[in-house]
Amino acid sequence: MENQTIVSQATPFGYSSIAVIRLSGEHAFLFASGLANISTPRKHLESVLLPIFDEGGKRIDSGIFTFFKNPRSYTGEDVVEISCHGNPLIVKMILNHSLFLGARLAEPGEYTKRAFLNGKMSLSQAESVGALIASKSKNAIYYNNKNIEGASTESINTIKEGLISALSAIEYELDISEEEDTLHKTVSNVVKILNNNNLLCRSLISSFDAGVAYSSGFRVVIIGRPNVGKSTLMNALVGLNRSIVSDAAGTTRDTVTHDLIIDGYPITMIDTAGVREVYDNIEAEGVQRTTCEMGRADIVLSLYSHDTKPVDNIDVKKQINVYNKADLHKNKKLSGSDICISALHGTGLEKLNKALMAALLDVGSFSGDVFINTERQKQSVMSCESSILKSLALLKKENPVVEIVAYEIKTAIGSLDSFLGKTTTDDILNKVFSSFCVGK
Ligand SMILES: Nc1nc2c(ncn2[C@@H]2O[C@H](COP(=O)(O)OP(=O)(O)O)[C@@H](O)[C@H]2O)c(=O)[nH]1
Ligand SMILES: [Mg+2]
């Protein structure tokens, strides 16, 4: 039963001044009335303080009930939000009473899924709601809000309108016109439209890395031989005594992470056990974790010192070699872009931060103002672009087969529809919404 009334806590589990429980579906008003033991029907946007009872009729709390009449609610269905006291047991009792009345617990992302299915938002807008909740930087919050308001949906619709006009020009050619010179004119017109829309697709595709970087941040991993000063550098960069520093090799056995924000970008700094020969299973696991972190890293800081070399030949996106303990051996000649620091004394860290940001911004720089940030969205725009490029290649030929061009443009339009969620399969929808938290 897809439209069964659902219920769940909308706020995180735990003790707090208030907790919010949300009911959505055909019987939301009825069940809310059952919880409060009232019979009067409520109006849209009515907020009222009511007692709350358990299913045995015993009073357990009181709370503010806010009623949203369909379709003017988040999900497009009747919705009631109940703000009660933030006691997990009270919340559980209210949920139990709702289940007793006939509601069922909401699945992760089910409210937003219903909003999408009821036409309250496109699939990319729904994804932006998830991304907004997960945003780790101010910039991510700004642009996810733009997308919830429809920025990326609008860009996609602009491309779609262009493609539809190209398609109708071609179909007109196929249906009606039989004159050679109008074909020539149509082709040059369509090529212009396709080139323009290809640029728009490119811009969206290139926004992806920056979008992900703003949302989830960058992973910066510190590696190097034992005792080279990795943990000391970690502590100096995050400004905290986060990792244990010791002159005994093998002190850091696990990876230690810390989140910070540099220039608006969220950065997860990761101190590792480093790269070395191992003597026991725990150390082996530590080194294994280092390798795993290097695979996920956006930037690797490879630390070395007067008596060691940077760990090289690693398959990473970007690496900055950092010469540490410069206070001990000041006159070491460094190669090209290496940065010289003393993690212990804090010298050279500003230069290192600058180099780090320059490298990160190179990974994530994008000057546009509309971002896409899910792999699904990127794949849709990429397949649209690929169909546009195929159409353009066909139109370059002396006697283009316009039927095939029409087919390719239709395929491109189909890819945009899947971006918006108009032609998306249940499997993909389930995947999108299952990554949400329960209650959203
Ligand atoms: N003189 C000097 N000693 C350092 C510097 N950085 C770290 N050390 C020392 O090197 C030893 C190992 O440091 P640690 O950060 O634990 O190295 P890790 O094994 O790479 O994490 C400690 O005794 C640190 O105090 C530095 O810039 N100069
Ligand atoms: Mg260490």
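Let me sum up the structure you'll find in this document. These numbers come from a predicted model, not from an experiment. (Residues numbered from 1 in each chain as written. Chains lettered and ligands numbered in written order. Predicted model: local features only at pLDDT ≥ 70, side-chain atom pairs only at ≥ 80, totals over all residues.)

Digging into the site of ligand 1
Around ligand 1 sit 21 residues in total, of which Gly229, Lys230, Ser231, Thr232 and Leu344 are the nearest. Per-element tally for the shell around ligand 1: the top contributor is helix H8 (residues 230-238), with three residues. (Near = placed C-beta within 6 Å. Helix = DSSP H or I, 4+ residues; strand = E, 2+ residues; numbered from the N terminus.)

Comments concerning the nonpolar core
In terms of nonpolar packing, the biggest core is built from 63 residues, with Ile170, Val220, Val221, Ile222, Ile299, Leu303 and Ile409 touching the most fellow members. If one sorts the elements of this core by residue count, helix H7 (residues 180-216) sits on top with 11 residues. Mapped onto the domain boundaries, this core takes at least three residues apiece from domain 2 (125-213 + 371-434) and domain 3 (216-364). Once residues within four sequence positions are removed from consideration, Ile170 is found in contact with Thr186, Val190, Val402, Val405, Ala406 and Ile409. (Core = buried A, V, L, I, M, F, W, Y, C linked by C-beta atoms within 7 Å. Buried ≥ 20, exposed ≤ 12 C-beta atoms within 10 Å, placed from the backbone. Domains from an automatic or database assignment. Contact = placed C-beta atoms within 7 Å.)

A closer look at the pairing of strand S1 (residues 6-9)
On S1, burial covers both faces: Ile6 and Ser8 on one face and Val7 and Gln9 on the other are all buried. The sheet contact formed by S1 and strand S2 (residues 16-24) spans four bridges and is antiparallel. Among the inter-strand pairings, Ile6 is bridged to a residue of S2, identified as Ser24. Between the antiparallel neighbours S1 and S2 lie six residues, among them Gly14 with a positive phi of about 140°. Note that S1 and strand S6 (residues 104-105) share two bridges and pair parallel. (Pairing = 2+ DSSP bridges.)

As for the sheet that holds strand S10 (residues 299-304)
Adjacent strands of a sheet pair through backbone hydrogen bonds, lying either parallel or antiparallel. In space, the six strands of this open sheet follow the order S8-S9-S7-S10-S11-S12, with mixed pairing throughout. Two strands in the sheet have a free side with no partner beyond their single neighbour: strand S8 (256-262) and strand S12 (339-340). Relative to S10, strand S7 (residues 218-224) is paired through five bridges, and the arrangement is parallel. The residue bridging Ile222 from the neighbouring strand is Leu301, located in S10.

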